[in-house]
Amino acid sequence: MTVQVQDHKTRPIQLQRGVRQGDVISPKLFTNALEDVFKTLDWKGHGICINGEYMSHLRFADDIVIMAESLQELSWMLSGLNAASRRVGLGMNLDKTKVMYNAHIKPEPVAVGEATIEVVKEYVYLGQTIRLGRCNFDKEAARRIQLGWAAFGKLRHIFSSAIPQSLKTKVFNQCVLPVMTYGAETWTLTVGLVHRFKVAQRAMERAMLGVSLMDRIRNEVIRQRTKVTDIAVKICKLKWQWAGHICRRTDNRWVRRLEWRPRTGKRSVGRPPARWTDDLRRVAGSGWMRKAEDRVLHNGNILLDSAGHIIHIDFGFIFSISPKNLGFESSPFKLTPEFVEVMDGENSDMFQYFKILILRGLIAARKHCDQIIHIVEMMRMCGQLACLRSSSAVSSFRARFHLGRTEPQLQALVDRLVRDALHSLSTRLYDNYQYYTNGIL
C-alpha cells in the first residue's frame, strides 16, 4: 500500500495486520471497497422499473437489498456481486442472505455458487420487519408492541416505585415510547394499526398507576394522571416531519418516488390497500408535496389532538392573509351553493338553524376573547407565522369578535356575513385558483 499526496507517492508500506472492528477508519475503508465493487457491476437495465428508472439495490453499510423482476435475474445479480466481492477480499454471508418474493413469482431455488439461498416470508432489515403483500405492517406493529413491553419490563422497578409521577412520565416518554415508534414515519397508518398501539399504551399506563380494568377507571382520567405523550400523536408527528423532510430534498433521491404505481399487471380483487400518502392527501390535498416544502406552513398548519387526529388549521385565513398574498380571499367564510343545497335551500328551516348556530358560536367565542387574544399574542412573539408579522394582526383579529355590538346587532351581522359569503365572487376566484394550482375541486 502507498499513500499519494498530490503527485507524489510514498514508499510501499507493508501491512502486517489490518484494521480491527471498532477502528475509526474501518467503516470508511469498507465503504470505499464496497463502492468500488458496485462500480464494476453492470446492472444497468436490471432491477425494478420505477417511472422509467431502474432500482437495482439499496445499501446501508453492509446491509444490502437487491431487487429484480425474476428469480433468474436475481440469481445472476447475486452471483455477480459474490464474484466481484471476492476479488477485493470480501465475502457474502450466505447464512444471513435471504430471498423474498411476491405472489407473481414462480417459486424456484436461488443459488450462489454451491449454496442455495433460503426463502422467507418476512425478514428484519434495519430493525424493521419487512413483508410483501397486504397487511405488511401488521407483523412489525406486533413486534414494536412486544419490544415496547420488553423495555417497559426492564424499567418496571421505576414505574412501580414511589417516585413522583412526573419522573415516571419522563422515563416513559424517553425510554419506552421511542422503542414502540421506531420507524413509524414509514408506516401506512390505518385505524386498526393505531388502535393496537393505543391499547398497549393504555395497559402500560394502568401498570404505572397500579390499577386494572376491574377498577373501571376511564381512559381520560388515567391520561390526566400519567400525562404521557399519546402514542398516536407521536406516530402522526413523526410521519409529518418525515414527509416535510423528503419533500425538501432536491437531489433526486429514490425516497421522493412516493407516487409510483406498477404500469403492468392487474389490480388485485377487493378494496385497494391503504397507501402511505393517503392521510397526507386527506389533510393537505393533492398538492401536499408542494405545501410540505414550506417548513413554516407545513408545521404551522397541522395540529394533533389527544386522539391522534390530524387537524389542518388555516392560520392565514383566520388572520386575513390570502394564499401568496394575492388578496382575493375576502369572503367571511366559504359557503357555496352546494352547501346550501344540502340544507334544502335558503328558505329552509335547516338554513335558518345554520345561521342560529353561527350566532351562538360568535356569542360563545366572545366570552373567551381575552384568553384567545393572549394566546395569539404569545404566538406572535415566539412564532414564525407570516400571518402574524403585521403590527395590526392582533388588533384586526380582536375586531372580528365585535365586542361592542348587542345581540340583535350580532344577529344582523350574521345575516349579512352569510349573505356575503353565499354570493361571494372571491370564493369562485379562489376555487379556480385551487383547481389550477393544486387540482382541488
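Report follows, based on the coordinates. Keep in mind it's a predicted model, so treat the numbers as computed, not measured.

Side note on the pattern of salt bridges
All told, the structure shown has 13 salt bridges when counted by the stated rule. Between Glu140 and Arg143 there is a salt bridge, and its shortest N-O distance comes to 3.6 Å. In this pair, Glu140 and Arg143 both sit in helix H3 (residues 138-154), 3 residues apart, roughly one turn of the helix. Under the relative-accessibility criterion, Glu140 is labelled buried at 0%. With a closest N to O distance of 2.7 Å, Arg223 and Glu205 form a salt bridge.

With respect to helix H2 (residues 71-87)
Look at H2: 25 Å from first C-alpha to last across 17 residues, which is about the 24 Å you get at 1.5 Å a residue. Where H2 is concerned, the buried positions are Leu71, Glu73, Leu74, Ser75, Met77, Leu78, Leu81, Asn82, Ala84 and Ser85. The inward-facing, buried residues of H2 abut helix H1 (26-39), strand E6 (63-66), strand E7 (98-99) and strand E8 (111-112). Of the residues one or two after H2, Gly89 is the one with positive phi, at around 90°.

Looking at the packing of H3 against helix H5 (residues 165-180)
Relative orientation and spacing of two packed helices are given, respectively, by the angle between their axes and the distance between those axes. Relative to each other, H3 and H5 sit at 155°, their axes nearing to 7 Å. Here H3 lies roughly antiparallel to H5, going by the angle between them. Our pair here, H3 against H5, has a crossing hand that is right-handed. Between H3 and H5, the residues in contact are Arg144, Leu147, Gly148, Ala151 and Phe152 and Phe172, Cys175, Val176, Val179 and Met180, respectively. Split by residue class, the contact of H3 with H5 holds 8 nonpolar, 1 polar and 1 charged.

Points about the side chain of Arg144
Examined against the element boundaries, Arg144 turns out to sit in helix H3. What makes Arg144 buried here is its relative accessible area of 5%. One polar contact links the side chain of Arg144 to the main-chain carbonyl oxygen of Gly127, over a distance of 2.9 Å. Discounting chain neighbours no more than four positions away, the residues touching Arg144 are Gly127, Val179, Met180, Tyr182, Trp187 and Phe197.

What to know about the pairing of E6
The sheet contact formed by strand E5 (residues 57-60) and E6 spans 4 bridges and is antiparallel. Its bridge partner being in E6, Leu58 is matched across the sheet by Val65. Hairpin remark: E5 followed by E6, antiparallel, with 2 residues in the connecting loop; positive phi at Ala61, about 55°.

Thoughts on helix H17 (residues 407-422)
In this model H17 runs 23 Å from its N-terminal to its C-terminal C-alpha over 16 residues, within 8% of the 22 Å that 1.5 Å per residue would give. Buried residues of H17: Leu410, Leu413, Val414, Val418, Ala421 and Leu422, and no others. Here the buried residues of H17 occupy an arc of 160° about the axis, which is enough to place them on one side.

Some points on the nonpolar core
The nonpolar side chains of a soluble globular protein tend to be buried with one another. Core analysis: the largest hydrophobic core is formed by 26 residues, its most contacted members being Phe159, Phe172, Val176, Trp187 and Phe197. At the level of elements, H3, H5, helix H6 (191-209) and helix H8 (231-247) are the ones that each hand at least two residues to this core. Residue contributions to this core peak at 6 residues, all from H6. For Val176, the contacting residues outside a window of four places in its chain are Gly148, Ala151, Phe152, Leu155, Phe159, Val171 and Met204. Leu41, Trp43, Leu71 and Ile117 belong to the second largest nonpolar core, which has 16 residues in total.

Rules and cut-offs
- Residues numbered from 1 in each chain as written.
- Predicted model: local features only at pLDDT ≥ 70, side-chain atom pairs only at ≥ 80, totals over all residues.
- Heavy atoms only, no water.
- Salt bridge = Lys/Arg side-chain N within 4 Å of Asp/Glu carboxyl O.
- Helix = DSSP H or I, 4+ residues; strand = E, 2+ residues; numbered from the N terminus.
- Buried < 20%, exposed > 50% of the residue type's maximum accessible area, 1.4 Å probe, protein only.
- Expected span 1.5 Å × (residues − 1).
- Contact = heavy atoms within 4.5 Å.
- Axes fitted to C-alpha atoms, helices over the stretch in contact; angles between N-to-C directions.
- Parallel < 35°, antiparallel > 145°, perpendicular 65-115°, else oblique.
- Left-handed = near helix turned anticlockwise from the far one by under 90°.
- Nonpolar A, V, L, I, M, F, W, Y, C, P; charged D, E, K, R; others polar.
- Polar contact = N/O pair within 3.5 Å; in protein donor to acceptor, adjacent residues only side chain to side chain.
- Pairing = 2+ DSSP bridges.
- Arc of directions from axis to C-beta.
- Core = buried A, V, L, I, M, F, W, Y, C linked by side-chain atoms within 4.5 Å.

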